[in-house]
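Residue-level structure breakdown
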Amino acid sequence: MKYNEIQLLPLDKVSMQAMQDKIDNLAKPVKGLGRLEELADHLAGIYRTTAFDLRPRKCLVFAADNGVVHEGVSASPQKITAIQAVNMMNNHTTVAVLAKAFDCALQVYDVGIKADLHSPLVKVHKIRYETGDMLKEPAMTISEAEEALQYGFDMGMQAFDEGNQVIATGELGMGNTTAASAIIAALLGKSGQQVVGRGSNISDKRLAHKIEVVNASLQRAGLDNKEGNQDPLKVLSEVGALELGAMAGAMLAAGARHKPVLLDGFLSYSAALLANTIQPGLTNYMIPTHRSKEQGSKIVLDALELNPYIDINMCVGEGSGAMLLLPWLDGVKAILTNMNTLQEMNFNFIP
Ligand SMILES: O=C(O)c1ccc[n+]([C@@H]2O[C@H](COP(=O)([O-])O)[C@@H](O)[C@H]2O)c1
Ligand SMILES: Cc1cc2nc[nH]c2cc1C
């Protein structure tokens, strides 16, 4: 199936109401579970039933290098992408240890790291060795952008074929907060000043330079339009990133299969915006997990109308924030499976 030919259903309101009725009937104060109830209702709307499983699950991490890193926009040396990709499959990075702690499978996909990795554990589908430097040239061709989206979609579909009930999306790529900022600015008609943040912790001086690089790249590509731009392929090819395109593709697979996808941080928000521009309504299938500390997070989350559950100033990336919502998912399942009802306990409330 092509990533842009999916049949999206709206959330199932009947199952959502059935879930809320079920929760209201449990032996606890009405609405006592707060936003956990919102999460349960959302899941029922996605799965179209109140009887769903939230295991097994898999985190898909797309990794690639970004040519724009050569403009001095990141605090991190480029080689970290290649090193951490292997380190991740050896279970030592943030997302890897959290995935293990919360029982989630993990797979790293190399869609454009600027090195040949020596690990059989990383799945390699190299679209190119790093993107072009967006300040000087398009980050990738339109056909490379389509390949990134299609590959991410195919890997998402494969994850569901394997039996996974939930997927999470992560990424790895030095310099990719610059690409994500440019994608968000281009699609929403914002300026670099409004969306650029410190990424992997850059200084004030580098931040000012990063803002200039984003603004100049948008101008070079003719994407500095105050009304925003509605052509996601042009935006991805001009100022995007391979790992962010693939991430968007995996999100589209969740929509195609009517299963939830857990977002992560800032990079995932830019991919979500791309995916939702390709397929309006896709945000219904996205579970916002945590609010990244990255400064542009508010603008893009507001545009997507997503309100993350966790807000603890994290900004590691990799899918690590998404992993923190897994205990919440297990909590929802346990509540639905093991709690008593008001009738069973013979409790009557007088509001
Ligand atoms: O998840 C986030 O919100 C997040 C925010 C800032 C940085 N990161 C991670 O840091 C890397 C990009 O940072 P930078 O400064 O090189 O653009 C990339 O590998 C991301 O996984 C992640
Ligand atoms: C060490 C390190 C790990 C990362 N994981 C995701 N982005 C990262 C950036 C750095 C610098």
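Residues numbered from 1 in each chain as written. Chains lettered and ligands numbered in written order. Predicted model: local features only at pLDDT ≥ 70, side-chain atom pairs only at ≥ 80, totals over all residues.

Topic: the overall build of the protein chain
Note the cut-off: To qualify as a helix, a DSSP run of H or I must reach at least 4 residues; to qualify as a strand, a run of E must reach at least 2; elements of each kind are numbered from the N terminus. Here the radius of gyration uses the C-alpha set of atoms, whereas the globule reference equals 2.2 Å times the residue count to the power 0.38. Partly exposed residues are those falling between the two cut-offs: more than 12 but fewer than 20 other C-beta atoms within 10 Å of their own, whereas 20 or more means buried and 12 or fewer means exposed, with C-beta atoms placed from the backbone. Residue pairs qualify as contacts under a 7 Å threshold applied to their C-beta atoms, which are placed from the backbone.
Looking only at helices and strands, one finds 15 helices and six strands in the protein chain. The C-alpha atoms of the protein chain give 20 Å as radius of gyration, which agrees with the globular expectation for 351 residues (20 Å, within 12%). With respect to the three principal axes, the spread of C-alpha positions in the protein chain is 70 × 45 × 40 Å. Counting every position in the protein chain, which comprises 351 residues, the buried fraction comes to 51%. Summarising the internal contacts of the protein chain: among those between residues at least 6 apart in sequence, 77% fall at separations of at least 24.

Quick notes on the site of ligand 1
Applicable threshold: Only the C-beta atom matters for this test: placed from the backbone, it must lie within 6 Å of a molecule or strand for the residue to be near it. Residue classes follow a fixed rule: Ala, Val, Leu, Ile, Met, Phe, Trp, Tyr, Cys and Pro count as nonpolar, while Asp, Glu, Lys and Arg count as charged, and any other residue, Gly among them, counts as polar.
In the vicinity of ligand 1, 23 residues are found, and the nearest of them are Ser 74, Gly 199, Gly 265, Ser 292 and Gly 317. Mapped by element, the contributors of at least two residues to the shell around ligand 1 are strand E4 (166-172), helix H6 (176-188) and helix H11 (266-278). With three residues, the top contributor of residues to the shell around ligand 1 is H6. By residue class, the composition of the shell around ligand 1 is seven nonpolar, 12 polar and four charged.

Digging into the nonpolar core
Rules: Remark: nonpolar core denotes a set of buried Ala, Val, Leu, Ile, Met, Phe, Trp, Tyr and Cys residues whose joining runs through C-beta atoms within 7 Å. For every domain, the bounds stem from an assignment made automatically or drawn from a database.
Of all hydrophobic cores here, the largest spans 106 residues; its most connected members are Val 61, Ile 183, Val 239 and Met 251. Here this core takes 11 residues from helix H10 (residues 242-257), the largest share from any one element. Two domains each donate at least three residues to this core, and these are domain 1 (13-51) and domain 2 (57-325). Those residues in contact with Ile 183, other than ones at most four positions away along the chain, are Val 235, Val 239, Gly 240, Leu 244, Ser 270, Leu 273 and Leu 274.

Considering the domain arrangement of the protein chain
Examined at the domain level, the protein chain breaks down into domain 1 (13-51) and domain 2 (57-325). When each unit is reduced to the centre of its C-alpha atoms, the spacing between domain 1 and domain 2 is 31 Å. Taken together, the six residues of domain 1 in the interface contact six residues of domain 2. Of the residues belonging to the side of domain 1 that touches domain 2, the class tally is three nonpolar, one polar and two charged.

Regarding the sheet that holds strand E6 (residues 286-287)
The condition that has to hold: We call two strands paired when DSSP finds no fewer than two bridges between them.
Here we have six strands laid out as an open sheet, ordered E3-E2-E1-E4-E5-E6, and parallel in their pairing. Only two strands of the sheet have a single partner each, and these edge strands are strand E3 (123-124) and E6. As judged from the seven bridges shared by strand E1 (residues 57-64) and strand E2 (residues 105-112), these two strands associate in the parallel manner. Bridged to Ala 64 within E2 is Gly 112.

What about the site of ligand 2?
In the vicinity of ligand 2, the residues found are Ser 76, Ile 80, Gln 84, Leu 172, Ser 200, Val 316, Gly 317 and Glu 318. Per-class residue counts for the shell around ligand 2 are three nonpolar, four polar and one charged.

Describing the packing of H6 against H11
Selection rule: For every element, the axis is a line fit to its C-alpha atoms; helices are fit only across the contacting stretch, and the angle between N-to-C directions ranges from 0 to 180 degrees. Should the near helix be turned anticlockwise from the far one by less than a right angle, the crossing is termed left-handed; should it be turned clockwise, right-handed.
Where H6 meets H11, the closest approach of the two axes is 9 Å, and the angle between their N-to-C directions is 35 degrees. The two elements H6 and H11 meet at a crossing, and its hand is left-handed. Here Asn 176, Thr 177, Ala 180, Ile 183, Ile 184 and Leu 187 of H6 come into contact with H11, specifically with Phe 266, Leu 267, Ser 270, Leu 273, Leu 274 and Thr 277. Split into classes, the residues belonging to the contact of H6 with H11 amount to eight nonpolar, four polar and no charged.

Digging into the pairing of E4
In terms of burial, E4 is a largely internal element, seven of the seven residues being buried. Burial of E4 is two-sided: the residues Val 166, Ala 168, Gly 170 and Leu 172 facing one way and the residues Ile 167, Thr 169 and Glu 171 facing the other way are all buried. Sheet topology note: the E1/E4 ladder contains seven bridges and is parallel. Paired with Lys 58 across the bridge in E4 is Ile 167.

Digging into the confidence of the model for the protein chain
Short version of the rule: For every residue, the pLDDT score states the predictor's confidence, bounded by 0 at the bottom and 100 at the top.
Confidence in the prediction of the protein chain, expressed as mean pLDDT, is 98, and 100% of residues score 70 or more. Reported confidences for the modelled complex are a pTM of 0.98 and an ipTM of 0.99.

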